[in-house]
Amino acid sequence: MIIDINTIIEEKKMNLKKKIEKLNNSGIYPKLAVIVASDDEASKIYIKNKKKICDELGILQEEYSFISSTSEDEIISLIKNLNEDSTVHGILVQLPLFKHLNKFKILDSICYKKDVDAFSRNCSSDIYLGIENILPCTPKGIISILDNLNVAYEGANAVVIGRSNIVGKPIALALLNRNCTVTICHRKTKDLEKYTKEADILIVSAGSPHLVKANMVKEGATIIDVGINRENGNIIGDVDTKEVSKKADVTPVPGGVGKMTVISLIENLVYITEKETK
Ligand code: GUN
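What counts and how
- Residues numbered from 1 in each chain as written.
- Predicted model: local features only at pLDDT ≥ 70, side-chain atom pairs only at ≥ 80, totals over all residues.
- Heavy atoms only, no water.
- Pairing = 2+ DSSP bridges.
- Helix = DSSP H or I, 4+ residues; strand = E, 2+ residues; numbered from the N terminus.
- Axes fitted to C-alpha atoms, helices over the stretch in contact; angles between N-to-C directions.
- Contact = heavy atoms within 4.5 Å.
- Near = heavy atom within 4 Å.
- Polar contact = N/O pair within 3.5 Å; in protein donor to acceptor, adjacent residues only side chain to side chain.
- Nonpolar A, V, L, I, M, F, W, Y, C, P; charged D, E, K, R; others polar.
- Buried < 20%, exposed > 50% of the residue type's maximum accessible area, 1.4 Å probe, protein only.
- Lys, Arg positive; Asp, Glu negative; His and termini not counted.
- Salt bridge = Lys/Arg side-chain N within 4 Å of Asp/Glu carboxyl O.

> Provide a residue-level description of the sheet that holds strand β1 (residues 31–36), including the pertinent values.
Pairing in this open sheet of three strands is parallel, and the strands run β2-β1-β3 from one edge to the other. The sheet is open, and its two borders are formed by β2 (60–65) and β3 (90–93), each paired with just one other strand. Strand-to-strand twist across the sheet, computed as the mean angle between neighbouring axes with direction ignored, equals 15°. Of the strand pairs in this sheet, β1 and β3 are connected by four bridges, and their pairing is parallel. Counterpart to Val34 in the pairing with β3 is Leu92. Along the sheet, helix α2 (residues 41–57) makes contact with β1, β2 and β3, crossing β2 at roughly 160°.

> Would you mind going over the site of the ligand in detail, with residue names and values included?
In the vicinity of the ligand, the residues found are Tyr46, Lys50, Leu92, Val93, Gln94, Leu95, Asp117, Phe119 and Ile166. Leu95 places a polar main-chain atom, nitrogen or oxygen, 2.9 Å from a nitrogen atom of the ligand. The set of elements that each furnish at least two residues to the shell around the ligand consists of α2 and β3. Residue composition of the shell around the ligand, by class: six nonpolar, one polar and two charged.

> Outline the side chain of Asp238, supporting the account with residue identities and numerical values.
Position of Asp238 among the secondary structure elements: in the loop between β9 (234–236) and α9 (241–244). For the buried Asp238, no salt bridge exists, and the shortest N-O distance to an oppositely charged side chain is 9.5 Å, to Arg187. Reaching out from Asp238, the side chain makes a polar contact with the backbone nitrogen of Ala206 at a distance of 2.7 Å. A distance of 3.0 Å separates the side chain of Asp238 from the backbone nitrogen of Ser208, its partner in a polar contact. Residues within four places of Asp238 in sequence aside, it is in contact with Val204, Ser205, Ala206, Gly207, Ser208, Pro209, His210, Leu211, Val212, Asp225, Gly227 and Asn229.

The following block contains the structure:
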């Protein structure tokens, strides 16, 4: 079966609208600051989608764009000002950054309570320690989908393909925190099939079009496709959805995890706004 994301999204939007209205009624207007320092094409799409959901839900946003000759100091100085600005509740630095910029230094300058992506050292060590104050947006979206499907985490074999700091590593830790038996596979994994065939939960974030075929998955597994690949003018995922969906449950691409990610961003923003203004 292809997993229906739309019902989850509508429910989450309704909940968020209520929470935002409550904040607005107390004179609080959640505001997101977005920092862009790259000309990455995929990032432009992510930013457009983030803007769209902010507009729809009544979230204020400010975008700061930097040119390629910008320095780390310039960006860090802006972040320091935003850290001090009480009208700004969340700060997001869109990744990737221009190559000469040190992303760790920049991300670490975001103060803990405004780190809406949870990419700073402090927020990531929370997840490592099993605290999970907030999860990065894509892993949070994945967990929301799995929760909604009532997936049994305890003792389940969870296989994650991909080890990025944005998806692979944090989702592996989030699944471990939920008592799954977690295996992380990546580009150098020998005999990928050996692992995917045993997966009750399979998270695919490899950036490789239709990498996962029907013969590689377990009957009845739950599969989350995080891939966004362009092929012949179409967007396709990392999973051969048509064939795999005959055997297992799989999220669609487009219209799957990508949609959940932007909702998770707003959930994180609203959560940190509520926490800070209590
Ligand atoms: N680049 C790709 N995904 C993301 C994301 O979730 N957040 C940020 N800040 N950058 C990204």
